[in-house]
Amino acid sequence: MPKEWLTELLYMHKIKKIVLQSICIAAQRVYPNEFISMLGKNEKEEVFELVMLPAVYGRNFSSIRTDLIPFDKNIVGTIHSHPSKNNNPSSADLNVFSRLGKIHLIICWPFNLEDIKAFNEQGKKIELEVVK
Ligand SMILES: [Zn+2]
(Lines give C-alpha, C1' and ligand atoms only; values in the text may rest on other atoms or scores of the structure.)
Protein backbone atom coordinates (compact mmCIF):
# COMPACT_ATOMS: atom_id res chain seq x y z
CA MET A 1 0.00 0.00 0.00
CA PRO A 2 1.45 3.41 -0.92
CA LYS A 3 2.48 5.43 2.10
CA GLU A 4 0.18 8.35 1.18
CA TRP A 5 -2.85 6.06 1.42
CA LEU A 6 -1.97 5.12 4.92
CA THR A 7 -1.70 8.76 5.95
CA GLU A 8 -5.07 9.45 4.32
CA LEU A 9 -6.70 6.60 6.20
CA LEU A 10 -5.19 7.52 9.53
CA TYR A 11 -6.43 11.08 9.22
CA MET A 12 -9.88 10.32 7.84
CA HIS A 13 -12.24 12.19 10.12
CA LYS A 14 -15.80 11.04 10.66
CA ILE A 15 -18.85 13.28 10.76
CA LYS A 16 -22.47 12.44 11.52
CA LYS A 17 -24.94 13.03 8.71
CA ILE A 18 -27.29 14.89 11.06
CA VAL A 19 -24.56 17.49 11.67
CA LEU A 20 -24.23 18.10 7.92
CA GLN A 21 -28.02 18.39 7.61
CA SER A 22 -28.15 20.88 10.52
CA ILE A 23 -25.45 22.95 8.82
CA CYS A 24 -27.53 23.15 5.62
CA ILE A 25 -30.61 24.31 7.54
CA ALA A 26 -28.70 26.85 9.64
CA ALA A 27 -26.90 28.32 6.64
CA GLN A 28 -30.19 28.66 4.74
CA ARG A 29 -31.81 30.41 7.73
CA VAL A 30 -29.01 32.90 8.28
CA TYR A 31 -28.61 33.69 4.56
CA PRO A 32 -27.79 36.30 3.22
CA ASN A 33 -25.60 36.57 6.30
CA GLU A 34 -22.86 34.06 7.07
CA PHE A 35 -23.44 31.23 9.49
CA ILE A 36 -20.56 30.26 11.76
CA SER A 37 -20.17 27.61 14.48
CA MET A 38 -17.61 25.31 16.04
CA LEU A 39 -17.59 21.52 15.57
CA GLY A 40 -17.59 19.16 18.55
CA LYS A 41 -16.51 15.50 18.60
CA ASN A 42 -17.69 12.61 20.75
CA GLU A 43 -15.71 9.80 22.42
CA LYS A 44 -15.72 7.86 19.13
CA GLU A 45 -13.84 10.74 17.47
CA GLU A 46 -16.86 11.57 15.32
CA VAL A 47 -17.98 15.14 14.73
CA PHE A 48 -21.43 14.92 16.29
CA GLU A 49 -22.54 18.42 17.24
CA LEU A 50 -22.45 22.10 16.39
CA VAL A 51 -21.06 24.13 19.27
CA MET A 52 -22.71 27.51 18.99
CA LEU A 53 -20.82 30.51 20.27
CA PRO A 54 -21.52 34.20 20.53
CA ALA A 55 -20.73 35.25 16.99
CA VAL A 56 -21.30 38.17 14.72
CA TYR A 57 -23.16 37.32 11.54
CA GLY A 58 -22.82 39.74 8.69
CA ARG A 59 -22.72 40.09 4.96
CA ASN A 60 -19.37 38.86 3.68
CA PHE A 61 -17.95 38.56 7.14
CA SER A 62 -18.54 36.64 10.28
CA SER A 63 -16.37 36.37 13.27
CA ILE A 64 -16.09 34.20 16.30
CA ARG A 65 -15.36 35.87 19.61
CA THR A 66 -12.27 33.74 20.16
CA ASP A 67 -11.97 35.14 23.67
CA LEU A 68 -15.27 33.41 24.50
CA ILE A 69 -14.31 29.94 23.30
CA PRO A 70 -14.24 27.63 26.30
CA PHE A 71 -11.17 25.46 26.65
CA ASP A 72 -12.67 22.26 25.32
CA LYS A 73 -10.57 19.48 23.85
CA ASN A 74 -13.68 18.14 22.11
CA ILE A 75 -13.84 21.15 19.82
CA VAL A 76 -12.20 20.03 16.58
CA GLY A 77 -12.79 22.87 14.16
CA THR A 78 -15.18 25.32 12.55
CA ILE A 79 -17.98 25.56 10.01
CA HIS A 80 -19.04 28.71 8.20
CA SER A 81 -21.11 29.60 5.20
CA HIS A 82 -20.38 31.70 2.15
CA PRO A 83 -23.37 33.53 0.65
CA SER A 84 -21.84 32.95 -2.83
CA LYS A 85 -21.18 29.89 -5.04
CA ASN A 86 -17.57 29.77 -3.80
CA ASN A 87 -16.69 27.37 -0.99
CA ASN A 88 -12.93 27.88 -1.03
CA PRO A 89 -11.27 29.48 2.00
CA SER A 90 -10.32 33.16 1.91
CA SER A 91 -7.02 34.34 3.39
CA ALA A 92 -8.94 35.40 6.53
CA ASP A 93 -10.42 31.89 6.69
CA LEU A 94 -6.96 30.32 6.45
CA ASN A 95 -5.86 32.44 9.37
CA VAL A 96 -8.78 31.14 11.48
CA PHE A 97 -8.22 27.54 10.32
CA SER A 98 -4.62 27.57 11.53
CA ARG A 99 -5.72 28.61 15.02
CA LEU A 100 -9.00 26.79 15.68
CA GLY A 101 -8.67 23.04 15.19
CA LYS A 102 -8.08 20.46 12.46
CA ILE A 103 -11.39 20.22 10.58
CA HIS A 104 -12.91 23.22 8.84
CA LEU A 105 -16.04 23.15 6.74
CA ILE A 106 -17.29 25.75 4.30
CA ILE A 107 -20.77 25.58 2.83
CA CYS A 108 -21.71 27.80 -0.09
CA TRP A 109 -25.02 28.85 -1.63
CA PRO A 110 -27.51 27.16 -2.22
CA PHE A 111 -26.53 25.24 0.96
CA ASN A 112 -27.13 21.61 0.08
CA LEU A 113 -25.03 18.66 1.29
CA GLU A 114 -22.95 18.74 -1.91
CA ASP A 115 -22.11 22.42 -1.26
CA ILE A 116 -20.02 21.50 1.81
CA LYS A 117 -16.25 21.22 1.48
CA ALA A 118 -13.82 20.20 4.23
CA PHE A 119 -10.30 21.52 4.84
CA ASN A 120 -7.51 20.84 7.29
CA GLU A 121 -5.73 23.47 9.39
CA GLN A 122 -3.51 24.36 6.42
CA GLY A 123 -6.50 24.91 4.14
CA LYS A 124 -5.87 21.70 2.18
CA LYS A 125 -9.05 19.94 1.03
CA ILE A 126 -9.78 16.77 3.04
CA GLU A 127 -12.35 14.01 2.76
CA LEU A 128 -14.69 13.21 5.62
CA GLU A 129 -16.36 9.89 6.25
CA VAL A 130 -20.09 10.46 6.76
CA VAL A 131 -21.56 8.19 9.47
CA LYS A 132 -25.09 7.66 10.83
ZN1 LIG B 1 -15.01 32.11 4.48
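A few points on the structure. This one's a predicted model, so the numbers in the text were calculated from it and none came from an experiment.

Another point: the sheet that holds strand β8 (residues 116-119). The strand order across the open sheet built from eight strands is β9-β8-β7-β6-β2-β3-β1-β10, with neighbouring strands paired in mixed fashion. Of all strands in the sheet, those bounded by a partner on one side alone are β9 (125-126) and β10 (128-131). Sheet analysis places β8 next to β9, joined by two bridges and oriented antiparallel. Across the sheet, residue A118 finds its bridge partner in β9, namely I126.

Below, the discussion takes up the pairing of strand β7 (residues 103-108). In terms of burial, β7 is a largely internal element, five of the six residues being buried. Relative to β7, strand β6 (residues 75-82) runs parallel, the two being bridged by six bridges. In the sheet register, T78 faces β7, and the bridge partner there is H104. Of the crossover connections in this fold, the one passing from β6 over helix α3 (residues 91-99) to the parallel β7 is right-handed. As judged from the four bridges shared by β7 and β8, these two strands associate in the antiparallel manner. Note that in β8 the partner of I106 across the bridge is K117.

This part covers the nonpolar core. Counting 17 residues, the largest nonpolar core has I23, A27, L39, V47, L105 and I107 as its most contacted members. Elements with a minimum of two residues in this core: α2 (17-30), β2 (36-41), β6 and β7. Per-element accounting of this core gives the leading share, four residues, to β7. Excluding its chain neighbours within four sequence positions, the residues that come into contact with V47 are H13, K14, I15, K16, V19, L39, K41, V76 and I103.

Let us now look at α2. In this model α2 runs 20 Å from its N-terminal to its C-terminal C-alpha over 14 residues, within 8% of the 20 Å that 1.5 Å per residue would give. Three or more residues of α2 are buried, namely V19, I23 and A27. One side of α2 carries all its buried residues, which in axial view fall inside an arc of 70°. Every exposed residue of α2 that faces more than 90 degrees away from the buried side is listed here: K17, Q21, I25 and R29. Elements in contact with the buried residues of α2: β1 (13-16), β3 (46-51), β6, β7 and β8.

Burial analysis of β2 places five of its six residues in the buried class, the great majority of the element. Of the pairings in the sheet, the one linking β2 to β6 comprises five bridges and is antiparallel in character. Counterpart to I36 in the pairing with β6 is H80. The pairing of β2 with β3 spans four bridges and is classified as antiparallel. When the bridges of β3 are listed, M38 appears paired with V51.

Rules used throughout
- Residues numbered from 1 in each chain as written.
- Predicted model: local features only at pLDDT ≥ 70, side-chain atom pairs only at ≥ 80, totals over all residues.
- Pairing = 2+ DSSP bridges.
- Helix = DSSP H or I, 4+ residues; strand = E, 2+ residues; numbered from the N terminus.
- Buried ≥ 20, exposed ≤ 12 C-beta atoms within 10 Å, placed from the backbone.
- Right-handed = clockwise from strand over helix to strand, strands pointing away.
- Core = buried A, V, L, I, M, F, W, Y, C linked by C-beta atoms within 7 Å.
- Contact = placed C-beta atoms within 7 Å.
- Expected span 1.5 Å × (residues − 1).
- Arc of directions from axis to C-beta.

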